[in-house]
Amino acid sequence: MATVTQVSKAATCPNYVNGQWVESRSGRTLERRNPANRDDLLGPAPLSSREEIREAVEAARRAFPAWRDTPAPVRGKQLLRAAQIMAEEKDELARLLTREEGKTVGESLGEILRTINILEYTAGEARRLTGETLPSELPKNFAYTIRQPLGVVGLITPWNFPIAVPVWKIAPALVCGNTVVWKPSELTPFTSRYVVDILARAGLPAGVLNMVNGAGEEAGDELVEHPAVRALSFTGSCEVGSLIYAKAARQMKKVQCEMGGKNPVVVLEDADLELAATSTVMGAFGSTGQRCTATSRIIVTEAIADKFVQMLLERTRQLKVGNGAEPGTQVGPSVDEAQFNKVQEYLEIGKREGKLLCGGERLRGGAYDKGYFTAPTLFDHVRPDARIAQEEIFGPVLSVIRVKDFDEAVRVASNIRYGLAASIFSTDANRIFQFTDRVECGIVHINSPTVGGEAHVPFGGTKASGLGERETGSTAIDFYTELKIVYVDYTGRKRETNIY
Ligand code: NAP
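Just so it is clear, the model here is predicted, and its values are computed rather than measured. (Residues numbered from 1 in each chain as written. Predicted model: local features only at pLDDT ≥ 70, side-chain atom pairs only at ≥ 80, totals over all residues. Heavy atoms only, no water.)

(A) Layout of the site of the ligand. Neighbouring residues of the ligand: 30 residues in total, closest Lys183, Glu186, Gly216, Ser237 and Glu392. At 2.6 Å from an oxygen atom of the ligand is found a side-chain nitrogen or oxygen belonging to Ser237. Protein chains bury 90% of the 910 Å² of accessible surface belonging to the ligand in isolation. Using a 2 Å cut-off from the grid points, one finds that the ligand occupies the largest pocket. Listed by contribution, the elements that provide at least two residues to the shell around the ligand are α8 (216–225), β10 (229–235) and α9 (238–250). Per-element tally for the shell around the ligand: the top contributor is α8, with four residues. Residues of the shell around the ligand, tallied by class, amount to 14 nonpolar, 10 polar and six charged. Shared between two domains, the shell around the ligand holds at least three residues of each, these being domain 1 (4–259 + 465–485) and domain 2 (263–446). (Near = heavy atom within 4 Å. Polar contact = N/O pair within 3.5 Å; in protein donor to acceptor, adjacent residues only side chain to side chain. Areas by Shrake-Rupley, 256 points an atom, 1.4 Å probe, with all protein chains shown as cover. 1 Å grid on protein atoms, 1.4 Å probe; cavity = no way out; pocket = protein on both sides within 12 Å on 5 of 7 lines; lining within 4 Å. Sits in = over half its atoms within 2 Å of the grid points. Helix = DSSP H or I, 4+ residues; strand = E, 2+ residues; numbered from the N terminus. Nonpolar A, V, L, I, M, F, W, Y, C, P; charged D, E, K, R; others polar. Domains from an automatic or database assignment.)

Right, dumping it as structure tokens:
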């Protein structure tokens, strides 16, 4: 049975380059502390230099030909082994994720189980890297397509799902025959180290997967600018995504950006209000609202608004906020001071823009003073164009927008720069399908929260929430491969007909 290696227990965070754990030479580090308890120091993580990214890209470039020529099903088997190791060590990995990112242990285990599903599904995709066979307009001719890897791909990821998001990029990239340089978030270096350790122990050859810790503006930027990196898959904020998209375009790189959200739930008069209220509170405050798909706008028709808001309020007040490692905790801390301060600023903006019903402040006293805890917050009577209804807060804050009818609800849901996920709660099939057709977003949930996705189903947003092919599922394979078209002429003669 695989066991946790020394590197996953060490107090430092080396980079992983060319199959070796190497300490950064930059001499600059960032301390990572538990966001639920600042006294709990995980350790320093390096802020690696541009040179260290270049070395990783060079390792990935050298490893590419042999990995490309490794049969795809053999590549897939390595992911299956990684899935097995992750399953064996899920509890240890979950404790680390909670300690570093702050989500509850239950949420951490949920993220890990999803990641195991992704590894298993993608391992199977290795046997399905199919093309098409097409008939020709000419006799004794046909055409077919084959999928080929891109080369070295650069992956840049956020802190809020530091296991699932990187793996849903790494797994399809590798199965398709690419080699990888990954720059994780500087807020989750220890969790990232564990993920790489698992993949390394699964037997990946040297140079196939490389990870370099560092700051976005330096290490991340070098990965974006490096000419040997042929494609970039980014998940993070819209601001950084648009920067990366513009820079990558100058070098004609293939780019995929999954970015922020401001996800609405529409509740109509005919909805099961108990279900809608419980699902909404879970979608809004689960993971402390730090999910790209978190519910942050409730759009409810006037006829039921008072009753429904009361139901939301009762449920929100009951949430137990605390250290995610403690049993019974439902809402953890913000990930760090900057994110916490951003939430506090929005609470003040919200008090000017809407009617505060509960929360609206940081939690103080006892253990709360050592972490970044905010009381789950509900604002009512928020205008659709208010800042708290338009901007991504990424914290435990939910805004209620009241509308007169279904048509206004659909307009309000879509009238925003983001377009990631949306939900509708209704029992009217006609309005459900009209909403599904009209709402501007990448993912629609019917009678369930805005959060969640499955390993084999494409995932991603529209407008400022997503650019390029969708992640996960079959569309991930489209991103990590180029299609080559082959025309076959078996007439053995000079062609007499022109085709254009
Ligand atoms: P972020 O600040 O945009 O950072 C994301 C990654 O980009 C980090 O690794 C960051 O490095 C790096 N980066 C920053 N500046 C860069 C630059 N100039 N060049 C290259 N890389 C750079 O986002 P975050 O705060 O980590 O994550 C939260 C955001 O992610 C939210 O907006 C959330 O909605 C979004 N998200 C979207 C999805 C989705 O699938 N749609 C999923 C999860 C999260 P540093 O760590 O050094 O800053």
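(B) Geometry of the packing of aromatic side chains. In this structure the tally under the stated criterion is eight aromatic pairs. Consider the rings of Phe142 and Tyr144, whose centres lie 6.1 Å apart with planes at 25 degrees: the pair is stacked. When its relative accessible area of 28% is taken as the criterion, Phe142 is described as partly exposed. Members of the aromatic cluster, connected to one another through ring pairs, are Phe142, Tyr144 and Tyr490. Of note, Arg38 hangs over the ring of Tyr372, and the distance from its end group to the ring centre comes to 4.9 Å. (Phe/Tyr/Trp six-rings, centres within 6.5 Å; stacked < 30°, edge-to-face > 60°. Buried < 20%, exposed > 50% of the residue type's maximum accessible area, 1.4 Å probe, protein only. Lys NZ or Arg CZ within 6 Å of the ring centre and 35° of its normal.)

(C) Spatial organisation of the domain arrangement of the protein chain. For the protein chain, the domain assignment lists domain 1 (4–259 + 465–485) and domain 2 (263–446). A separation of 31 Å is found between the C-alpha centroids of domain 1 and domain 2. Each partner contributes residues to the interface: domain 1 has 23 residues there, and domain 2 has 29 residues. On inspection of domain 1 and its partner domain 2, the count reaches two salt bridges. Asp39 is the salt-bridge partner of Lys370, the closest N and O atoms lying 2.6 Å from each other. Counting across the domain 1 and domain 2 interface gives 10 residue pairs in polar contact (both at pLDDT 80 or more). (Contact = heavy atoms within 4.5 Å. Salt bridge = Lys/Arg side-chain N within 4 Å of Asp/Glu carboxyl O.)

(D) Expanded view of the confidence of the model for the protein chain. Taken over all residues, the pLDDT of the protein chain has a mean of 96, while the share at 70 or more is 98%. The weakest mean pLDDT in the protein chain belongs to helix α1 (residues 6–9) at 68; the strongest belongs to strand β8 (residues 179–183) at 99. (pLDDT = per-residue confidence, 0-100.)

(E) Structural view of the sheet that holds strand β12 (residues 263–267). Across the sheet, seven strands lie side by side as β14-β15-β16-β13-β12-β18-β19; this open sheet has mixed pairing. Of all the strands in the sheet, just β14 (355–358) and β19 (443–446) have a single pairing partner and so form its edges. Neighbour-to-neighbour, the strand axes of the sheet open up by a mean angle of 25 degrees, direction not taken into account. When β12 meets strand β18 (residues 421–425), the two strands line up parallel, connected through three bridges. Pairing of Val265 across the sheet is with Ser423, part of β18. Most of the contacts of helix α12 (residues 337–353) go to strand β15 (residues 377–380), to which it runs at about 25 degrees, and overall it touches β14, β15 and β16 (397–403). On the sheet, helix α15 (residues 429–438) packs against β12, β18 and β19 and is oriented at approximately 170 degrees with respect to β18. (Pairing = 2+ DSSP bridges. Axes fitted to C-alpha atoms, helices over the stretch in contact; angles between N-to-C directions.)

(F) Quick peek at the pairing of β8. Burial runs high along β8: five of the five residues are buried. Side-chain alternation along β8 places Thr179, Val181 and Lys183 on one buried face and Val180 and Trp182 on a second face that is also buried. Pairing of strand β7 (residues 152–156) with β8, which is carried by five bridges, proceeds in the parallel orientation. Of the residues in β8, the one forming a bridge with Leu155 is Trp182. In the classification by handedness, the crossover that spans β7, the intervening helix α6 (residues 164–175) and the parallel β8 is right-handed. For β8 and strand β9 (residues 209–211), the ladder comprises three bridges, and the chain directions are parallel. Residue pairing across strands places Val181 opposite Asn210, the latter belonging to β9. With helix α7 (residues 189–201) bridging β8 and the parallel β9, this β-α-β connection has right-handed handedness. (Right-handed = clockwise from strand over helix to strand, strands pointing away.)

(G) Structural detail: the nonpolar core. The biggest cluster of nonpolar side chains holds 62 residues, and the ones touching the most others in it are Met86, Leu119, Val153, Val180, Trp182 and Leu199. Counting contributing residues per domain, this core is built from domain 1 (4–259 + 465–485) and domain 2 (263–446), each supplying no fewer than three. Setting aside residues no more than four positions away along its own chain, Val153 makes contact with Ala173, Asn178, Thr179, Val180, Val181, Val229, Ala231 and Tyr480. Membership of the second largest hydrophobic core comes to 31 residues, among which are Leu273, Val281, Leu319 and Leu398. (Core = buried A, V, L, I, M, F, W, Y, C linked by side-chain atoms within 4.5 Å.)

(H) Up close: the sheet that holds strand β6 (residues 141–149). Overall, antiparallel pairing links the three strands, which are arranged β5-β6-β22 in an open sheet. Each edge of the open sheet is held by one strand with a lone partner, namely β5 (133–135) and β22 (481–489). Each neighbouring strand pair of the sheet contributes to a mean axis angle of 25 degrees, computed without reference to strand direction. Looking at chain direction, β6 and β22 are connected through nine bridges and run antiparallel. Among the inter-strand pairings, Pro149 is bridged to a residue of β22, identified as Thr481.

(I) How the structure looks around unusual backbone geometry. For Phe394, which is not glycine, the phi torsion reads 65 degrees and is therefore positive. With respect to the secondary-structure elements, Phe394 resides in the loop between α13 (387–390) and β16. Judged by relative accessible area, which is 14%, Phe394 ranks as buried. Residues other than glycine seldom take positive phi values, yet Thr472 does so here, at roughly 55 degrees. Here Thr472 shows up in the loop between β21 (466–467) and α16 (473–479). Judged by its relative accessible area of 5%, Thr472 is buried.

(J) How the structure looks around the layout of surface pockets. A volume near 1100 Å³ is recorded for the largest pocket. Surrounding the largest pocket, 43 residues form its lining, Trp159, Phe234, Gly236, Ser237 and Val240 being those nearest its centre. If you count residues domain by domain, the lining of the largest pocket takes at least three from each of domain 1 (4–259 + 465–485) and domain 2 (263–446). (Points joined across faces, edges and corners; volume = space filled by probe spheres on them.)

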